[in-house]
Amino acid sequence: MDAGKTSLDIVRSVSDLRGKVRGWRAAGETVGLVPTMGALHDGHFSLVEASLTGTDRTCVTLFVNPKQFGEGEDFEVYPRDEATDAQALAARGAHLLFAPGVKDMYPEGFASSVSVPGIGDVLEGEFRPGFFTGVATVVTKLLLQALPDKAYFGEKDYQQLCVIRRMTADLDIPVEIVGCPIVRESDGLALSSRNAYLSADEREVAPALHQVLQETASRVSGGADPAAAGEDGAAALRQRGFAKVDYISVRDAETLAVPDGSDRPLRVLGAAWLGRTRLIDNIAIDC
Ligand code: AMP
């Protein structure tokens, strides 16, 4: 390992973060931001690699954001291992880890929020009310705290990426949002920190989500009605062992509106439960 790759700085306050970024800016360097909730895996590392390639300095953020977890969701048990994450980031050559505490991000009296109605209300927004307001609020804060040139997000959370693009455009936040492809296991399961919750039996069934999305996409490419293909996909997923399917839905790839028959790009998105674990995934539809 290159000795230079072990010098990862860790900061926890906004003023320390800004001090680091100021130093880079003074040296004429560009800055990439990679927001995460930790429990890092190769999906996260692909964003880090993209940032290292696309900018001079890479800041990864690690913050399990309470505002994006609903009641009864897994905030308390969400996997946390900052030391392991920091070591892995150092080995990959990231320059800075910003790991604030909840009080740093939401001090006493914190009252504001950012919401993105419409695109943030459908699909995930319907099944997880308040989720995208939590995401948009924390991402706005992170972008304003670091003021990076580019910020990197995975297509794994495709609707989140669309919401963040909408929000940064609407609010004139001066950052380029870079979307990165989904990293998958060899059997197609999209990498996720939540995959750790799956039992051995559930893990066997899990790749069916990706398979059903592929089948749905190829049916729509072949001319099938998008709504009917989505409903059939949900039924197929139940048959393959998913206890509950929140949605399999074909949408406009940019606005996430229901397709109107025009030739705009489409995407199929899905969310379904294996036991107590909720998996999400999506793929592009070739037209
Ligand atoms: P999270 O820690 O789950 O909030 O994810 C942080 C970032 O990593 C988000 O932009 C995710 O979309 C991205 N990400 C998570 N899993 C993957 C994956 N399998 N492939 C690509 N990006 C991912």
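Residues numbered from 1 in each chain as written. Predicted model: local features only at pLDDT ≥ 70, side-chain atom pairs only at ≥ 80, totals over all residues. Heavy atoms only, no water.

1. A look at the sheet that holds strand 7 (residues 244-252)
In step 1: With respect to topology, three strands assemble into an open sheet ordered 7-8-9, the strand pairing being antiparallel. Two strands in the sheet have a free side with no partner beyond their single neighbour: strand 7 and strand 9 (277-285). Each adjacent strand pair in this sheet contributes to an overall mean axis angle of 10°, direction not counted.
In step 2: Note: strand 8 (residues 266-274) against strand 9, nine bridges, orientation antiparallel. Looking across to strand 9, one finds that G270 is bridged to D281.
In step 3: Relative to strand 7, helix 10 (residues 226-239) is tilted by about 155°, and along the sheet it contacts strand 7 and strand 8. (Pairing = 2+ DSSP bridges. Helix = DSSP H or I, 4+ residues; strand = E, 2+ residues; numbered from the N terminus. Axes fitted to C-alpha atoms, helices over the stretch in contact; angles between N-to-C directions. Contact = heavy atoms within 4.5 Å.)

2. Details of the packing of aromatic side chains
In step 1: In total, this model carries six aromatic pairs according to the counting rule given.
In step 2: Ring geometry for F63 against Y106: centres 6.0 Å apart, planes inclined by 55°, an arrangement best described as tilted. Remark: Y106 occurs in the loop between helix 4 (102-105) and helix 5 (124-127) and F63 occurs in the loop between strand 3 (57-62) and helix 3 (82-92); sequence separation between them is 43 residues.
In step 3: The positively charged end of R80 is found above the aromatic ring belonging to F75, 4.9 Å away from the centroid.
In step 4: One cation-aromatic arrangement involves R128 over F131; the distance from NZ or CZ to the ring centre is 4.2 Å. (Phe/Tyr/Trp six-rings, centres within 6.5 Å; stacked < 30°, edge-to-face > 60°. Lys NZ or Arg CZ within 6 Å of the ring centre and 35° of its normal.)

3. A closer look at the nonpolar core
In step 1: L17, V139 and L143 are the most contacted members of the largest nonpolar core, which totals 43 residues.
In step 2: Every element with two or more residues in this core is listed here: helix 1 (14-26), strand 2 (31-36), strand 4 (96-98), helix 6 (131-146), strand 5 (150-154), helix 7 (158-170) and strand 8.
In step 3: A domain split of this core shows at least three residues from each of domain 1 (9-180) and domain 2 (193-285).
In step 4: Discounting chain neighbours no more than four positions away, the residues touching V139 are F153, I164 and M167. (Core = buried A, V, L, I, M, F, W, Y, C linked by side-chain atoms within 4.5 Å. Buried < 20%, exposed > 50% of the residue type's maximum accessible area, 1.4 Å probe, protein only. Domains from an automatic or database assignment.)

4. Describing the packing of helix 2 (residues 42-54) against helix 3
In step 1: It is the contact of helix 2 with helix 3, at a shortest axis distance of 11 Å, that shows an interaxial angle of 35°. You can see that helix 2 and helix 3 cross each other, and the crossing is right-handed. Along the contact surface, helix 2 presents D42, F45, V48, E49 and L52, while helix 3 presents A88, L89 and R92. (Left-handed = near helix turned anticlockwise from the far one by under 90°.)

5. What to know about the site of the ligand
In step 1: Surveying the vicinity of the ligand reveals 17 residues, the closest of which are H44, G154, D157, V183 and L191.
In step 2: Here V183 contributes a backbone N or O atom positioned 2.9 Å from a nitrogen atom of the ligand.
In step 3: In isolation the ligand exposes 490 Å². Once the protein is present, 92% of that is buried.
In step 4: Broken down by secondary-structure element, the contributors of at least two residues to the shell around the ligand are strand 2, helix 2 and strand 5.
In step 5: In terms of residues, the shell around the ligand owes the most to one element, helix 2, which gives three residues.
In step 6: Grouping the amino acids of the shell around the ligand by side-chain chemistry returns nine nonpolar, six polar and two charged. (Near = heavy atom within 4 Å. Polar contact = N/O pair within 3.5 Å; in protein donor to acceptor, adjacent residues only side chain to side chain. Areas by Shrake-Rupley, 256 points an atom, 1.4 Å probe, with all protein chains shown as cover. Nonpolar A, V, L, I, M, F, W, Y, C, P; charged D, E, K, R; others polar.)

6. Let's talk about the domain arrangement of the chain
In step 1: By the assigned domains, the chain splits into domain 1 (9-180) and domain 2 (193-285).
In step 2: Centre-to-centre, using C-alpha coordinates, domain 1 lies 26 Å away from domain 2.
In step 3: Facing the 21 residues of domain 1 at the interface are 17 residues of domain 2.
In step 4: When the two sides are added together, the surface that domain 1 and domain 2 hide from each other amounts to roughly 1,700 Å², 53% of it contributed by carbon and sulfur.
In step 5: Between the two partners, domain 1 and domain 2, sit three salt bridges.
In step 6: Going through the elements one at a time, helix 5 and helix 7 are the ones with two or more residues in the side of domain 1 that touches domain 2.
In step 7: Take the side of domain 1 that touches domain 2: its biggest share by element is three residues, from helix 7.
In step 8: Across the side of domain 1 that touches domain 2, the residue classes break down as eleven nonpolar, four polar and six charged. (Buried area = accessible area lost by both parts, 1.4 Å probe. Salt bridge = Lys/Arg side-chain N within 4 Å of Asp/Glu carboxyl O.)

7. Quick notes on the pairing of strand 5
In step 1: Burial analysis of strand 5 places four of its five residues in the buried class, which makes it a mostly covered element.
In step 2: Pairing between strand 2 and strand 5: two bridges, direction parallel. Bridge pairing links G32 to K150 in strand 5.
In step 3: As judged from the five bridges shared by strand 5 and strand 6 (residues 176-180), these two strands associate in the parallel manner. Paired with A151 across the two strands is I177, which belongs to strand 6.

8. Some words on the packing of helix 6 against helix 7
In step 1: Between helix 6 and helix 7, the least distance of the axes is 10 Å, while the angle of their chain directions is 55°. Of the possible angle classes, the one that applies to helix 6 and helix 7 is oblique. Where helix 6 crosses over helix 7, the handedness of that crossing is right-handed. Of the residues in helix 7, those in contact with F131, F132, V135, A136, V139, T140 and L143 of helix 6 are Q159, Q160, V163, I164, M167 and T168.
In step 2: Tallied by class, the residues present in the contact of helix 6 with helix 7 amount to nine nonpolar, four polar and no charged. (Parallel < 35°, antiparallel > 145°, perpendicular 65-115°, else oblique.)

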